[in-house]
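# Notes for the structure review
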Amino acid sequence: MPTPNKPASVEVKYAPAATATPFLTITMPPIIEPSESTDILSPTPSPSPSPSSTPTPSPTPTERPESVVSINLLGEPVMEIKRCSEWIDPGFVAQDSIDGNLAASTTISSDLDVNEVGCYTVTYTARNVVGDTAEVSRTVYVRYNKEDYEAFEAKGKVVYLTFDDGPSENTEKLLGILDKYNVKVTFFVKNSDQLDLVKKEAANGHTVAIHTYTHSYSKVYRSEEAYYDDLYKMREAVYEKIGLRSNLIRFPGGSSNTVSRSYNSGIMTRLAKSVQEKGFCYFDWNVSTTDGNASTRTSDVVRDHAIAGMKSKNIAVVLMHDTHSHTVNAVEEIINFGLENGYTFLPLSEYSFQPHHGISN
Ligand SMILES: [Zn+2]
């Protein structure tokens, strides 16, 4: 059983423990031949040119011919794999104007450990005969696998803290608290001035899931087409920031909302079915902290509702909003209660329990 809430200071080691199975497996990328021979002056376009590719400044022409080293990744620059699975490197194209194909003299370095969940960097460094280099990196997230989630949930006392409607000016503070305890959560995000914060949410190991772009009931529930336009717009906005497209969603107001009735009769019934047919997992909640209600906007109320819900559910999916400072201010006490009483905090995944409300429209 992996340990999700171990102290953040524990170093993730590259080499797997002797008892860990299966062993770390990294498949070397295929060697890609450049399209021309050794006198190429401009690099071959790549399917995924990387902004971090940094050709070294060339020497003066009197010393030797101009040399331009380039390296570009094939495949996605950000990838996700499940724990204990094999990572297959999609490869790269490396070349320069002197040596042509630099694949053989490109080194790949990484601390990737497929047995440990985490965020890893794989760095590719191309070098030509005169020592000029270019470097590019790929991010690989290792996530818990299906068996991990089954084992956690079978044991019970699992808590999925979920934060909707951000990122906001309160999110940075929340991320600091979560990091202090190495607790991973889920953010159902919408468009925001602070959208850059999804990068930090993802890099810190949290699940970044999709709420909608506008979160406007009158827009998203006008029609199914309007809903999907808004959902995909947000999914792409997040992809532009973090390089990943999430299949995890939460409906504004939850699937049980009745406000959608004013805009389109029966739309929640149809959407709940069609999102799953399209491969999305939708999450309602089974614990509400009531943090959005005008009459209960205090940290004490949020904390008490969260803890009461955790006690009453084997698997608690807790609704909160990182748009409220009183919510963020309750989180440390919720985490302390959980860690002191044997609860396991996890980020949602497609393998997690999916609470679904009764649909009323
Ligand atoms: Zn919301």
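Per-chain numbering applies: the sequence of each chain, read as written, is numbered from 1 onward. The predicted nature of this model means local features are confined to residues of pLDDT at least 70 and side-chain atom pairs, given and counted, to a pLDDT of 80 or more, with totals for whole chains, interfaces and linings taken over all residues. Hydrogens and water molecules were not included; the side-chain quantities draw on all heavy atoms of the structure.

Time to look at the packing of helix α7 (residues 299-312) against helix α8 (residues 325-340). Helix packing for two helices is described by the angle between their axes and how far apart those axes are. Inter-axis angles, ranging from 0 to 180 degrees, are taken between N-to-C directions of lines fitted to C-alpha atoms, where helices are fitted over the stretch in contact. Helix numbers and strand numbers start at the N terminus; a helix is a DSSP run of H or I with at least 4 residues, a strand a run of E with at least 2. Direction vectors running N to C along α7 and α8 enclose 35 degrees, while the axes themselves pass 8 Å from each other. Classified by chirality, the crossing of α8 by α7 is right-handed. Of the residues in α8, those touching α7 at S299, V302, R303, A306, I307, M310 and K311 are H326, T327, N329, A330, E333, I334, F337 and G338. The residue makeup of the contact of α7 with α8, split by class, is seven nonpolar, five polar and three charged. Left-handed describes a crossing in which the near helix is turned anticlockwise from the far one by less than a right angle; the clockwise case is right-handed. Two residues form a contact once any of their heavy atoms are found within 4.5 Å. Nonpolar residues are Ala, Val, Leu, Ile, Met, Phe, Trp, Tyr, Cys and Pro. Charged residues are Asp, Glu, Lys and Arg, and all others, Gly as well, are polar.

Turning our eyes to something else, we now look at the coordination of the zinc ion. Bound to the zinc ion on the protein side are D165 (OD), H211 (NE2) and H215 (NE2), at distances that span 2.1 Å. In this listing, donors mean N, O and S atoms no farther than 2.8 Å from the metal, or 3.2 Å for Na, K and Ca; water is missing from the atoms, so a site can look incomplete. Between consecutive donors of the zinc ion, the numbers of intervening residues give the motif D-x45-H-x3-H. Separated by 50 residues along the polypeptide, D165 in the loop between β10 (158-164) and α2 (171-181) and H215 in the loop between β12 (207-210) and α4 (217-220) bring together distant segments of the chain. Under the scheme applied here, a residue whose accessible area is under 20% of the maximum for its type counts as buried, over 50% as exposed, and between as partly exposed, the area being computed with a 1.4 Å probe on protein chains only. Given a relative accessible area of 16%, H215 falls into the buried group.

Moving on, we get to the sheet that holds strand β5 (residues 92-96). When DSSP finds two or more bridges between two strands, those strands count as paired. Read across the open sheet, the three strands follow the order β2-β5-β6; overall the sheet is antiparallel. What marks the edges here is a single partner per strand, and that holds for β2 (70-73) and β6 (100-101).

What follows deals with helix α6 (residues 267-277). Restricting attention to buried positions, one finds in α6 the residues I267, M268, L271, A272, S274 and V275. Elements in contact with the buried residues of α6: α5 (224-242), β13 (248-249) and β14 (281-282).

So, on to the nonpolar core. L161, Y227 and I335 are the most contacted members of the largest nonpolar core, which totals 55 residues. Considering each element in turn, this core owes the most residues, seven residues, to α5. Remark: nonpolar core denotes a set of buried residues (Ala, Val, Leu, Ile, Met, Phe, Trp, Tyr, Cys) joined through side-chain atoms within 4.5 Å. Judged by nonpolar contacts, the second largest core, of 20 residues, contains I81, F92, V114 and V140.

Turning our attention to unusual backbone geometry. Peptide bonds are trans in most cases, and residues, glycine excluded, mostly fall at negative phi. Looking along the chain, the bond that leaves G166 and enters P167 is cis, with omega of 0 degrees. Following the sequence through the fold, P167 ends up in the loop between β10 and α2. In the Ramachandran plot, N182 falls in the positive-phi region, its phi being about 50 degrees despite a non-glycine side chain. Summarising the element assignment, N182 is placed in the loop between α2 and β11 (186-189). One non-glycine residue, T290, adopts positive backbone phi at about 55 degrees. Tracing the backbone shows T290 in the loop between β15 (287-288) and α7. Owing to a relative accessible area of 18%, T290 belongs among the buried residues under this scheme.

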